[in-house]
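# Coordinate inspection notes
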Amino acid sequence: MHTSHAHRRVALIDMGTNTFHLLIVEMPTQPGGKPHILLRTKAGVRLGEGGISRGIIAPEPYARALHTLAGFKEEIELHEVQEVRATATSAMRVTRNGPELVRDIFEQTGIQVNVIPGEREAELICEGVRQAVDLGQEPQLIMDIGGGSVEFIVANQTTIFWKQSFEIGAQRLLDKFFPDPSGVFPAEAVEAEQQYLATVLASLVEAVQRYRPVGLVGASGSFDSLADMQLGRLRTESELPPSTELAVESFQESYRHLLSGNHAQRLALPGILPMRADMLVVASVLIDYVLGITEITRIRTSAYALKEGVLAEMLGR
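All of the points below concern the structure found in this document.

Quick notes on the rules
- Residues numbered from 1 in each chain as written.
- Predicted model: local features only at pLDDT ≥ 70, side-chain atom pairs only at ≥ 80, totals over all residues.
- Heavy atoms only, no water.
- Helix = DSSP H or I, 4+ residues; strand = E, 2+ residues; numbered from the N terminus.
- Rg over C-alpha atoms; globule rule 2.2 N^0.38 Å.
- Buried < 20%, exposed > 50% of the residue type's maximum accessible area, 1.4 Å probe, protein only.
- Contact = heavy atoms within 4.5 Å.
- Areas by Shrake-Rupley, 256 points an atom, 1.4 Å probe, with all protein chains shown as cover.
- Lys, Arg positive; Asp, Glu negative; His and termini not counted.
- Charge placed at Lys NZ, Arg CZ, Asp CG, Glu CD.
- Expected span 1.5 Å × (residues − 1).
- Pairing = 2+ DSSP bridges.
- Axes fitted to C-alpha atoms, helices over the stretch in contact; angles between N-to-C directions.
- Core = buried A, V, L, I, M, F, W, Y, C linked by side-chain atoms within 4.5 Å.
- Parallel < 35°, antiparallel > 145°, perpendicular 65-115°, else oblique.
- Nonpolar A, V, L, I, M, F, W, Y, C, P; charged D, E, K, R; others polar.
- 1 Å grid on protein atoms, 1.4 Å probe; cavity = no way out; pocket = protein on both sides within 12 Å on 5 of 7 lines; lining within 4 Å.
- Points joined across faces, edges and corners; volume = space filled by probe spheres on them.
- Phe/Tyr/Trp six-rings, centres within 6.5 Å; stacked < 30°, edge-to-face > 60°.
- Arc of directions from axis to C-beta.

## Let's talk about the overall build of the chain
- Helix and strand content of the chain: 12 helices and 11 strands.
- Taken over the C-alpha trace, the chain has a radius of gyration of 19 Å; the compact-globule value for 317 residues is 20 Å, and the two agree within 12%.
- Taken over the C-alpha atoms alone, the chain extends approximately 60 × 45 × 35 Å along its principal axes.
- In the chain, which comprises 317 residues, the share counted as buried stands at 56%.
- When contacts within the chain are restricted to residue pairs at least 6 apart in sequence, those whose partners lie at least 24 apart make up 71%.
- Just so you have it, the chain exposes about 13,600 Å², and 51% of that area is on carbon and sulfur atoms.
- Counting 29 positive and 39 negative side-chain charges, the chain places the averaged centre of each group 3 Å from the other.

Here's what the structure looks like:
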């Protein structure tokens, strides 16, 4: 590949179950230098919609995935990128036609997708979060709510004490507890989801009692949306600071608003991305559950997650 610039350009793609992210950076020429961000963008693909709970990627999301990757490929060529690292997680990990999609992506775009296990996903998320948030010396609980899986990591700035990936992402929770098309989430559905979480997350309860994390760091679109609701407006991807302080009171107020409305009323809330209007409800029940099993009173968001973790590893941080 011909290149007119001396600097190495790298594209990092994170193919999540809800959102596909693309980050294009110019690598530093000096050791310890900072990579220069050329492009940071994302697309709502909803890869898990209508299929993940049945173990398949449905035809429409399958087509959306290929279309999105074709668009990413254009950006990659436009920016004269020399190296592409594409990572896929839950939806591609657990579905019967996930391998087929990996093949189709390669055939149509030349992009080789690496499907990673949940444990590896948790490690990379932690590494990414550390680039955005100073975790300090005391254990923090990192939480990444994806569409397919949710990763929990107990870590400080230097050590991972415990990590686990659970296949209980927001799309799965929607399918399981929120089938009502009017978008009203009744109290019994909240109760049912919380009881389910208490069963599935027994090992998290144990880890939290053992390590007593002092704060929660949320690394995913749901936390970004809650921070947007706190601000009262939707921020673009490029506007997001690495980390935002999310007041527990603000979370609780947003949670009340989310639970009390129907789909249309949630769409009208300031700071809500239409794609997340319903997912945010089941995600907030999950966050509320986690706050309930801990004594955590501080929540921070991290705009960095998996792809920034991959980048940090490449930089040898």
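Read on, since the account is not over.
## Topic: helix 4 (residues 118-132)
- Here helix 4 contains 15 residues, and its C-alpha end-to-end distance of 21 Å stays within 8% of the 21 Å for a straight helix at 1.5 Å per residue.
- With 11 of 15 residues buried, helix 4 lies mostly within the body of the structure.
- Residues of helix 4 that are buried include every one of Gly-118, Glu-121, Ala-122, Leu-124, Ile-125, Cys-126, Glu-127, Gly-128, Val-129, Arg-130 and Ala-132, and no others.

## So, the sheet that holds strand 8 (residues 160-166)
- Taking strand neighbours across the sheet as the criterion, the six strands line up as 8-7-6-9-11-10 in an open arrangement whose pairing is mixed. Here the strands that pair on one side only, and so sit at the sheet edges, are strand 8 and strand 10 (243-246). Sheet twist, expressed as the mean angle between neighbouring strand axes with direction ignored, is 20°.
- Bridging between strand 6 (residues 140-145) and strand 7 (residues 150-155) involves six bridges; their strand directions are antiparallel. The residue bridging Ile-145 from the neighbouring strand is Val-150, located in strand 7.

## Quick notes on the nonpolar core
- Core analysis: the largest hydrophobic core is formed by 47 residues, its most contacted members being Phe-152, Leu-216 and Leu-286.
- If one sorts the elements of this core by residue count, helix 11 (residues 279-293) sits on top with 11 residues.

## Observations regarding the packing of helix 4 against helix 12 (residues 306-314)
- At a closest axis distance of 6 Å, the pairing of helix 4 and helix 12 adopts a crossing angle of 80°. In terms of orientation, helix 4 lies roughly perpendicular with respect to helix 12. Residue-level inspection shows Arg-120, Glu-121, Leu-124, Ile-125, Glu-127, Gly-128 and Gln-131 of helix 4 in contact with helix 12, the latter providing Leu-306, Glu-308, Gly-309, Val-310, Ala-312 and Glu-313.
- The residue makeup of the contact of helix 4 with helix 12, split by class, is five nonpolar, three polar and five charged.

## Some points on the pairing of strand 8
- As defined by bridge partners, strand 7 adjoins strand 8 across six bridges and the pair is classed as antiparallel. Considered in strand 8, the bridge of Val-150 is made with Phe-166.

## Notes on the layout of surface pockets
- For the largest pocket, the calculated volume is near 580 Å³.
- In this structure, the largest pocket is lined by 37 residues; those nearest its centre are Asp-14, His-21, Ser-220, Gly-221 and Ala-305.
- Elements with a minimum of two residues in the lining of the largest pocket: strand 2 (19-26), strand 3 (36-44), helix 4, strand 6, helix 8 (221-231) and helix 12.
- When the residues that make up the lining of the largest pocket are grouped by side-chain class, the tally is 11 nonpolar, 15 polar and 11 charged.
- Volume-wise, the second largest pocket comes out at about 290 Å³.
- Around the second largest pocket, the lining is made up of 14 residues, and of these Lys-34, Pro-35, Gln-131, Tyr-304 and Leu-311 lie nearest the centre.

## Details of the sheet that holds strand 4 (residues 83-88)
- Spatially, five strands are ordered 3-2-1-4-5 in an open sheet, and the strand pairing comes out mixed. If you trace the sheet from one side to the other, it starts and ends with strand 3 and strand 5 (113-115), each paired once. For this sheet the average axis-to-axis angle between neighbouring strands, irrespective of direction, equals 15°.
- Strand direction decides the pairing type here: strand 1 (residues 9-15) and strand 2, joined by seven bridges, are antiparallel. When the sheet's bridge partners are listed, Val-10 is paired in strand 2 with Val-25.

## Considerations on the packing of aromatic side chains
- This structure, assessed with the given rule, holds five aromatic pairs.
- Consider the rings of Phe-177 and Tyr-196, whose centres lie 5.4 Å apart with planes at 55°: the pair is tilted. You can see Phe-177 sitting in helix 5 (residues 170-177) and its partner Tyr-196 sitting in helix 6 (residues 187-200), a full 19 residues away along the chain.
- Residue Phe-177 is classed as buried on the basis of its relative accessible area of 13%.

## Details of the environment of Gly-110
- Assignment of secondary structure puts Gly-110 in the loop between helix 3 (98-109) and strand 5.
- Gly-110 sits 33 residues away from Met-143 along the chain, and the two C-alpha atoms are 33 Å apart.

## Description of helix 7 (residues 202-211)
- Turning to helix 7, its buried residues number three or more, namely Leu-204, Ala-207 and Val-208. Angularly, the buried residues of helix 7 cover 100° about the axis, an arc narrow enough to put them on a single face. The outward face of helix 7, more than 90 degrees from its buried face, is lined by the exposed residues Glu-206 and Arg-210.
- Buried positions along helix 7 lie against strand 6, strand 7, strand 8 and helix 11.
- Count one or two residues on from helix 7 and you reach Arg-212, which has phi positive near 45°.

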